[in-house]
Amino acid sequence: QVQLVESGGGLVEAGGSLRLSCTAPGSVFHSYALGWFRQAPGKEREFVSAISWHGDTTYYADSVKGRFAASRDAAKNTVYLQMNSLRPEDTAVYYCAAGTGGPGPDLYRYWGQGTRVTVSS
């Protein structure tokens, strides 16, 4: 069973920063794009960011563009999401996923268990 493991969530004040991490098995990390999604209470799961398997292309939702940055560390089979200038509306459970890439959740085959991010005003 393929497991993606997220970490780094927590409580932060508005304007603060957090860095999420997601570690994947090597066979997954080196074969798939890795994406980040989030789901706030009562809302649909939404695309946040994705990074290509080779790491040279990144994609962002308009709502996080300029504030969030995705990166990969091939030596650690880990992808990161650096989140700066956090806002209360960024509050959600953040999920890491591996798949073909793009903004649709159905494009991703493997999912992590999620890590909660809470931004206080």
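Attention in this report is confined to the structure presented alongside it. (Residues numbered from 1 in each chain as written. Predicted model: local features only at pLDDT ≥ 70, side-chain atom pairs only at ≥ 80, totals over all residues. Heavy atoms only, no water.)

1. Examining the side chain of serine 52
So, point 1. Secondary-structure assignment places serine 52 in the loop between strand S5 (46-51) and strand S6 (58-60).
So, point 2. Within the structure, the side chain of serine 52 is placed 3.3 Å from the side chain of aspartate 56, a separation counted as a polar contact.
So, point 3. Ignoring any residue separated from it by four or fewer positions in sequence, one finds serine 52 in contact with Ala33, Thr57 and Arg72. (Helix = DSSP H or I, 4+ residues; strand = E, 2+ residues; numbered from the N terminus. Polar contact = N/O pair within 3.5 Å; in protein donor to acceptor, adjacent residues only side chain to side chain. Contact = heavy atoms within 4.5 Å.)

2. Things to note about the nonpolar core
The nonpolar side chains of soluble globular proteins are, as a tendency, buried together.
So, point 1. Core analysis: the biggest nonpolar cluster contains 34 residues, and Leu4, Trp36, Phe68, Leu81, Met83 and Tyr94 have the highest contact counts within it.
So, point 2. In terms of residue count, strand S9 (residues 92-99) provides more of this core than any other element does, 5 residues in total.
So, point 3. When neighbours within four sequence positions are excluded, methionine 83 is seen to be in contact with Gly16, Ser17, Leu18, Leu20, Arg67, Phe68, Tyr94 and Val117. (Core = buried A, V, L, I, M, F, W, Y, C linked by side-chain atoms within 4.5 Å. Buried < 20%, exposed > 50% of the residue type's maximum accessible area, 1.4 Å probe, protein only.)

3. Digging into the sheet that holds strand S7 (residues 68-73)
So, point 1. Reading across from one edge, S1-S3-S8-S7 is the order of the 4 strands in this open sheet, with antiparallel pairing throughout. The sheet terminates laterally at strand S1 (5-7) and S7, the two strands that pair on one side only. With strand direction ignored, the average angle separating the axes of adjacent strands in the sheet is 15 degrees.
So, point 2. As judged from the 6 bridges shared by S7 and strand S8 (residues 78-83), these two strands associate in the antiparallel manner. Each residue of the ladder has a partner; that of alanine 70, found in S8, is leucine 81. (Pairing = 2+ DSSP bridges. Axes fitted to C-alpha atoms, helices over the stretch in contact; angles between N-to-C directions.)

4. Here's the deal with the side chain of aspartate 90
So, point 1. Relative to the elements of secondary structure, aspartate 90 occurs in the loop between S8 and S9.
So, point 2. What aspartate 90 contacts, discounting residues up to four positions off in sequence, is Arg38, Arg67, Phe68, Ser85, Val117 and Val119.

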